[in-house]
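# Structure assessment
Next come the chains, spelled out residue by residue.
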Amino acid sequence: MWASTSRRSPLSGSRWSRPLSTDTAAADRRRGCRIGISGRSPRADRGVPIALVPVKAVIIGAGMGGASAAIALKQLGLEVEVYEQVTENKPVGAAISVWSNGVRCLNHLGLEEETAALGGIVDSMSYVDAFTGETMCRFSMQPLIDEVGQRPYPIARAELQLMLMNAFGHDDINFGKKMVAVHDGPAQATVEFADGTSASGDIVIGADGAKSLTRDYVLGSPVERRYAGYVNFNGLVPVDERIGPATEWTTYVGDSRRVSVMPVAGNRFYFFFDVPMPEGVPFERGTAREVLAEEFAAWAPGVHTLIGALEPGATNRVEIYDTDPFHTWVRGRVAVLGDAAHNTTPDIGQGGCSAMEDAVALQFAFRDNPDDPHAALAAYEASRTERAADLVLRARKRCDVTHGKEPEKTAAWYEELRHEDGTNVIRGIVGNIVGGPLTA
Ligand SMILES: Cc1cc2nc3c(=O)[nH]c(=O)nc-3n(C[C@H](O)[C@H](O)[C@H](O)COP(=O)(O)OP(=O)(O)OC[C@H]3O[C@@H](n4cnc5c(N)ncnc54)[C@H](O)[C@@H]3O)c2cc1C
């Protein structure tokens, strides 16, 4: 589609209509602009007036995937509109670990200082016996940082989300817009909203999360999500060394469960409890302390200190799902990104990082194919599906070992941890980190 010549440039704020030299044409192409002229074919060499028209992207969802993609495409010079169904920034979940591959993506989006300011400092990791409180192993994170060249950062979700929204332009996000339909067309793709309005663009990026409507459209049928067999309780508490050292990621393990704390900025621990149980067990919000005290009655004192410190009303409880990997991410001008494309269990902390990788890969695809949205989306899909599938399956495998799908494997893992010097754990984490657009 060659859009009208009256759009405003996201780079200059002024209307683009000027003679074009070959040099500027190349530079504009790199920025994701297409060259249009009313009634005649573009002839830059003749020096005729030409209107430069950025590709227009409509992004559905302002979670960490959609917001990262919005920044990435805007950085390239595309015109970006973001639509989000909620009316305010209220992420579900307390924090996430942004591993070095995710941090690299945030740095690439121009957020290096902000990310470091929000990130907790994790200097070491330890595993602790659930019942005795004895340290099974403790090791430095420095070898990992040295190997991949970037420190990972646990970050409170609301703060990460706000950072991304502010970087794009919080006031430019269209909140309270629930997409109810999406369809492709020969010149544009269009989304329809519950309030009866619609939006069209050269492309639509569905970053609409694990229950994605865009995914249903792209695949032509709904996808079954797979219950992973456990529930995750999570929240934030003040750092307390009786639970774990202030700069350590401490994980208590036993009985196919785990309880973890890791630091985020502001002298807080992000904590989570994993509890294997059937799908659909009823839970009343506000009762987390009683439920966890009962579930973890026989656990070490540090776990009880944590249960005593948590705020029941602010503790989240999430049933954990994933989806089998699929390799069709694009239908015409419509593509999926983030959890919509690769809903992942949190067992290797890579779902959000993978969404950020998608955003950077999408930017690279448009940088390399600025004049052709179809080619750009095909390049995006080709660069991402295998990598994302690998992370989904790695997480699933880790999930099964951690949560006792085959109890003898879980017991063998506990035994390994008693002899671990960090080498094997760090090798596994590095294996997750490498392979993205900035960690090839
Ligand atoms: C317990 C838990 C712990 C995790 N820990 C980590 C971790 O440590 N590290 C890590 O990297 N990842 C982690 N993850 C995964 C991470 O949270 C997700 O991968 C990430 O949030 C995906 O981002 P997203 O933007 O794709 O989707 P979401 O964050 O789900 O955002 C989707 C957005 O789209 C909006 N939306 C949905 N439908 C519509 C619609 N129809 N119209 C308009 N808007 C719509 C939603 O309101 C939402 O804002 C964890 C996940 C869980 C559950």
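Residues numbered from 1 in each chain as written. Predicted model: local features only at pLDDT ≥ 70, side-chain atom pairs only at ≥ 80, totals over all residues.

Convention followed: UniProt positions are given in the numbering used here, feature names are shortened, and annotations may be inferred rather than shown by experiment.
Under the annotation held in an unreviewed UniProt entry, the protein chain carries the name FAD-dependent urate hydroxylase and is attributed to Gordonia jinghuaiqii. If you open the UniProt record of the protein chain and go to Catalytic activity (unreviewed entry), you find "urate + NADH + O2 + H(+) = 5-hydroxyisourate + NAD(+) + H2O". Annotation of the protein chain in UniProt includes, under Pathway (unreviewed entry), the sentence "Purine metabolism; urate degradation."

### A short note on the site of the ligand
Let me state the cut-off plainly: To decide whether a residue is near a molecule or strand, its C-beta atom is placed from the backbone and checked for lying within 6 Å of it. Numbering of helices and strands runs from the N terminus; a helix is a DSSP stretch of H or I covering at least four residues, while a strand is a stretch of E covering at least two. Lys, Arg, Asp and Glu make up the charged group, whereas Ala, Val, Leu, Ile, Met, Phe, Trp, Tyr, Cys and Pro make up the nonpolar group; the residues left over, Gly among them, are polar.
The environment of the ligand is made up of 34 residues, and the closest members are Gly61, Gly63, Gly209, Gly338 and Gly351. Only α2 (64–76), β5 (79–84), β6 (95–98), β15 (226–238) and α11 (351–368) provide two or more residues apiece to the shell around the ligand. At 4 residues, α11 tops the list of elements feeding residues into the shell around the ligand. Residues belonging to the shell around the ligand are distributed by class as follows: 14 nonpolar, 16 polar and 4 charged.

### Topic: the environment of glycine 308
Quick note on the threshold: To assign burial, the other C-beta atoms lying within 10 Å of each residue's own C-beta are counted, with C-beta atoms placed from the backbone; 20 or more indicates buried, 12 or fewer indicates exposed, and intermediate counts indicate partly exposed.
Note that glycine 308 resides in helix α9 (residues 301–309). Taking the C-beta count within 10 Å as the criterion, glycine 308 has 13 such neighbours and is therefore assigned partly exposed. Taking C-alpha positions, glycine 308 is 9.9 Å from leucine 292, a pair spaced 16 residues apart along the chain.

### What about α9?
Where we set the bar: Think of the arc as the fan of directions from the helix axis to the C-beta atoms. Residue pairs are scored as contacts if the distance between their C-beta atoms, which are placed from the backbone, is within 7 Å.
Within α9 the residues assigned to the buried category are Gly302, Val303, Leu306 and Ile307. End-on, the buried residues of α9 take up no more than an arc of 140°, which puts them together on one face. Of the surrounding secondary structure, the elements contacted by the buried residues of α9 are β15, β16 (248–254), β17 (257–264), β18 (268–276) and α8 (288–295).

### Some thoughts on the nonpolar core
Quick reminder of the rule: Throughout this description, the term nonpolar core refers to a group of buried Ala, Val, Leu, Ile, Met, Phe, Trp, Tyr and Cys residues whose C-beta atoms join them within 7 Å.
By size, the foremost hydrophobic cluster in this structure holds 116 residues, and its most contacted members are Ile59, Ala69, Leu73, Ala335, Leu337 and Leu362. In contact with leucine 73, other than residues within four places in its own chain, are Ala57, Leu78, Val80, Leu362, Gln363 and Phe366.

### Points about the sheet that holds strand β19 (residues 316–322)
How we decide: Note on pairing: two strands pair once DSSP finds at least 2 bridges between them. In this analysis an axis means a line fitted to C-alpha atoms, helices contributing only their contacting stretch, and an angle means the value between N-to-C directions, from 0 to 180 degrees.
Strand order in the open sheet made by the 7 strands is β8-β7-β16-β17-β18-β15-β19, with mixed pairing throughout. With partners counted over all chains shown, the strands left at the sheet margins are β8 (135–140) and β19, one partner each. Mean inter-strand twist for the sheet, computed between neighbouring axes without regard to direction, equals 20°. Where β15 and β18 come together, 9 bridges link them in antiparallel fashion. The residue of β18 that forms the bridge with valine 231 is valine 275. The sheet strands contacting helix α12 (residues 373–402) are β15, β17, β18 and β19, and the helix crosses β19 at an angle near 120°.

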